[in-house]
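Take a look at the letters that make up each chain.
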Amino acid sequence: MIEAREALERLRDGNRRFVSDIRSSGAPTGPARRNELASGQEPFAIILGCSDSRVPAEIVFDQGLGDLFVIRVAGNIVAPSQVGSVEFSAERYGTRLVVVLGHSQCGAILATLEELARPSEDQSRNLRSIVDRIRPSVASLLATEPGYAPEALMREAVRANIRVSTNHLRHGSDVLESLIRNAGLLVVGAEYSLETGVVEFFDEK
Ligand SMILES: [Zn+2]
């Protein structure tokens, strides 16, 4: 089993390689690795990230087959199936690091801001279920700091949403709470910059 702190270092190193455009020879994706993994996996980190085509976890962290257990959903929101997926990997594979990976210019956050400014009647129920998960953190941001310029508001809203998802995973599951307390599970937030490729980790309690 790979401890959370070591897993975090691996992700930081991988992201540094990605940013420097040095692809790792140590991120195997070939037939030999595929065969080795056919009988089992031990992913060292769980990534709950956004579906955005520009933020594929394996690429931005320069990792190979079998390294990351990835859950992607627009706006990196946390609903029961996401919590269940995190529980599954943490319990079954012993993964000890969970990263909630948001990113700059997130379309789901933008859609939520637009919805708050101009509520639409005809939004699909399914899309609404995503916006509704993001809405409370953005609304409370607007309530406490009504004077944000649009760019600053977008940046803060992305971060607020990452914090909400992170806290939901930390406190919204008995299984995860117990793993945090007794087994060294670490849940951290992170933000990927579309502009620089850098992942900034925060809230590393
Ligand atoms: Zn996004």
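Parameters and conventions
Residues numbered from 1 in each chain as written. Predicted model: local features only at pLDDT ≥ 70, side-chain atom pairs only at ≥ 80, totals over all residues. Heavy atoms only, no water. Helix = DSSP H or I, 4+ residues; strand = E, 2+ residues; numbered from the N terminus. Rg over C-alpha atoms; globule rule 2.2 N^0.38 Å. Buried < 20%, exposed > 50% of the residue type's maximum accessible area, 1.4 Å probe, protein only. Contact = heavy atoms within 4.5 Å. Areas by Shrake-Rupley, 256 points an atom, 1.4 Å probe, with all protein chains shown as cover. Donors = N, O, S within 2.8 Å, 3.2 Å for Na, K, Ca; no water. Expected span 1.5 Å × (residues − 1). Arc of directions from axis to C-beta.

A. Local environment of the overall build of the chain. Secondary structure summary: the chain contains eight helices and five strands in total. The globule rule puts the C-alpha radius of gyration for 205 residues at 17 Å, and the 17 Å found for the chain is close to it. On the principal axes, the C-alpha backbone points of the chain span a range of 55 × 40 × 30 Å. In the chain, buried positions account for 47% of the 205 residues. The contacts of the chain with a sequence gap of at least 6 include a subset with a gap of at least 24, amounting to 71%. Only carbon and sulfur atoms are counted for the fraction: they give 50% of the accessible area of the chain, which is about 10400 Å².

B. View of the coordination of the zinc ion. Only Cys-50 (SG), His-103 (NE2) and Cys-106 (SG) from the protein coordinate the zinc ion, and they sit 2.1 to 2.3 Å from it. Sequence positions of the donors to the zinc ion reduce to the motif C-x52-H-x2-C. For the pair shown, His-103 and Cys-106 are each scored as buried.

C. The arrangement of helix α1 (residues 4-19) in detail. Taking 1.5 Å of rise per residue, the 16 residues of α1 would be expected to cover 22 Å, and the 23 Å separating its terminal C-alpha atoms lies within 8% of that figure. Looking only at α1, the buried set comprises Ala-4, Ala-7, Leu-8, Leu-11, Gly-14 and Asn-15. Along α1, the residues classed as buried sweep out an arc of 125 degrees about the axis, all on the same side. On the buried face of α1, the contacting elements are β1 (45-49), α3 (57-60), β2 (68-72), β3 (97-103), β4 (186-192) and β5 (199-202). Asp-21, located one to two residues past α1, shows a positive phi value of around 60 degrees.

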